[in-house]
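# Chain and residue survey
Read off the chains here:
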Amino acid sequence: MAAADSSPSIVEYFGGEDGYRCGYCKSETGNLSHGMWAHSMTVQDYQDLIDRGWRRCGKYVYKPIMHQTCCPQYTIRCQALHFQASKSHKKVLKKMLKFISKGDVSKAVSEEEPMDSHVEDAVACDFPYKVGSHVSQSELTPLSVDHAERVENEDEDTGETKKEVNEQKVELGSRQICADKGTPLPGGPAHSAKIVHAPPKPGKGADLSKPPCRKAKDIRKERKLQKLLRNQPCTIEGSQFQAGDPGFLLQNSKPKPNQPKTIEDFVFVSLPDDAPHKLEVRVVRSSPPSSQFKATFQESYQVYKRYQMVIHKDPPDKPTINQFTRFLCDSPLEAEDVPNGPECGYGSFHQQYWLDGKIIAVGVIDILPYCVSSVYLYYDPDYSFLSLGVYSALREIAFTRQLHEKAPDLCFYYMGFYIHSCPKMRYKGQYRPSDLLCPETYVWTPIERCLPLLEQSKYCRFNQDATAVDEGRIKELGRVRVLHKRTVMPYSVYKKRRKGPSDEASVQQYASLVGQTCSERMLLFRS
């Protein structure tokens, strides 16, 4: 999916032998993960990595060592197109609607909302900056393509290798065509879980495999919605993106007979002219920073600082601008705009929640080829009563569905990691339907099938087919791409040139974790 002229991903692999403090069970050295510093990364490479259990924090990309770490962290995704809000979710949506339309700030029955933020990511990101990269930019700039190709020709098997690569490209192209023709999930092996959405039973939801009907009554509703949009106080805006797509609203903002209300029914509603509050959601690109992002940086940082001090009890000198920038603004993801992609493009963004002209919350997200990936949320503690953690997650699911209208492959909402061994982190399982990633075969498994296994053991292989293996596993180490002395070459050539002790074990570990496809696309920096 990557744009044809996009630069390749460049990473430094650090291994993962040292243990760090765990934010869940408080073990001082029990948190074990592999890590690498991403100097740059395409959105397709990152999509493939998170589908193998990786996750980013700033420019640091890490993968828990699942069978060894004290609190195993399983990648979780929600099937956004099939999501139905639960009773508790609707309470949060109604609470926000009442606050905006009537100024109701009633805090009666103030249940603690489990999802006050994506707390685990703050915890997980305490260690990356101890291992930051010290490589100069000049070392990371590959020489010309012609020179790289001459180096690759040193390999005596170049002819066969190129033929195999071309064959692989044909296979990948065929697989994508098949996906377009109706395979359940797009992409490669990580998307190969056999999840089939059967037509729902009567009264249990819409059949999403069929297009919506267009009746005269619906056309009249669309006209009405267009009129409402002109005075819509609760909209999503972005640097290049407006959220008032009437076609989308028509399909999603009106409940069908005998069906429960959707998120959109609560979000895209007509408000009275005298509504005491106005909520606006803006999507601004954070990397590279857009003009809107730069203009609101200080205000956004102050919200983050207050959030860290009040909610997470950080001392005033900890949430610095430098920490905020490295943690939540810096991103290795290259901005990409393609004709069949979302209007805002792919990459890293801040989703800002503006209430009456000021920022009260910010959701940090990545927009990738197949998903919206939630990174973090911070908010003004004065508005904790609005359950902004839950509200923002629901808005991000709605946002995913909206992007799907322009980018059909984009249909999942990734919520980071699900940690069953930590009870307070089980809330993500309430966003149904959702799947967990098998840590051994990287196949998606419905969470209902995973929970009984996790009750028995904190580490589980979800794929019950004992013969199944990781289809994306490394098969040819020699084809791993390496960046050495500004020259791109396959590992088979680098190995012959290298002086000093062998690094084959480290490269083998790296390749086994990122998989064959990514290892042949990304550049592994070697000094």
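Conventions used here
- Residues numbered from 1 in each chain as written.
- Predicted model: local features only at pLDDT ≥ 70, side-chain atom pairs only at ≥ 80, totals over all residues.
- Heavy atoms only, no water.
- Helix = DSSP H or I, 4+ residues; strand = E, 2+ residues; numbered from the N terminus.
- Expected span 1.5 Å × (residues − 1).
- Buried < 20%, exposed > 50% of the residue type's maximum accessible area, 1.4 Å probe, protein only.
- Arc of directions from axis to C-beta.
- Contact = heavy atoms within 4.5 Å.
- Phe/Tyr/Trp six-rings, centres within 6.5 Å; stacked < 30°, edge-to-face > 60°.
- Lys NZ or Arg CZ within 6 Å of the ring centre and 35° of its normal.
- Axes fitted to C-alpha atoms, helices over the stretch in contact; angles between N-to-C directions.
- Parallel < 35°, antiparallel > 145°, perpendicular 65-115°, else oblique.
- Left-handed = near helix turned anticlockwise from the far one by under 90°.
- Nonpolar A, V, L, I, M, F, W, Y, C, P; charged D, E, K, R; others polar.
- pLDDT = per-residue confidence, 0-100.

## Some points on helix α10 (residues 297-310)
- In this model α10 runs 20 Å from its N-terminal to its C-terminal C-alpha over 14 residues, within 8% of the 20 Å that 1.5 Å per residue would give.
- The set of residues buried in α10 consists of F297, S300, Y301, V303, Y304, Y307 and Q308. Seen along its axis, α10 keeps its buried residues to an arc of 160°; they face one direction.
- Each element contacted by the buried residues of α10 is listed here: α9 (291-295), α11 (321-329), β8 (347-355), β9 (358-367) and β10 (371-379).

## Details of the packing of aromatic side chains
- Inspection of the entire model under this criterion finds 19 aromatic pairs.
- With 5.9 Å between their ring centres and 85° between their planes, F324 and Y378 make a pair best called edge-to-face. You can see F324 sitting in helix α11 and its partner Y378 sitting in strand β10, a full 54 residues away along the chain.
- In this structure Y378 comes out as buried when scored by relative accessible area, which is 0%.
- Connected via pairs of aromatic rings, a cluster forms that spans F293, F297, Y301, Y304, F324 and Y378.
- Here R77 stacks its cationic end above the ring of F412, 3.9 Å away from the centre of that ring.
- Sitting above the plane of the W354 ring, R282 keeps its charged end 4.1 Å from the centroid.

## Let's talk about the packing of helix α1 (residues 43-50) against helix α15 (residues 504-521)
- α15 packs onto α1 with a crossing angle of 165° between their chain directions and a minimal axis gap of 10 Å. Relative to α15, the element α1 is oriented roughly antiparallel. Of the two possible hands of crossing, α1 and α15 adopt the one that is left-handed. Touching Q44, D45, D48 and L49 of α1 are V514, C518 and R521, all from α15.
- Residue composition of the contact of α1 with α15, grouped by class: three nonpolar, one polar and three charged.

## A closer look at the confidence of the model for the chain
- In this model, the chain carries an average pLDDT of 83, and 72% of its residues clear a pLDDT of 70 or more.
- Low pLDDT, under 50, characterises residues 108-124; the predicted model gives this stretch 44 contacts beyond four residues in sequence or across chains.

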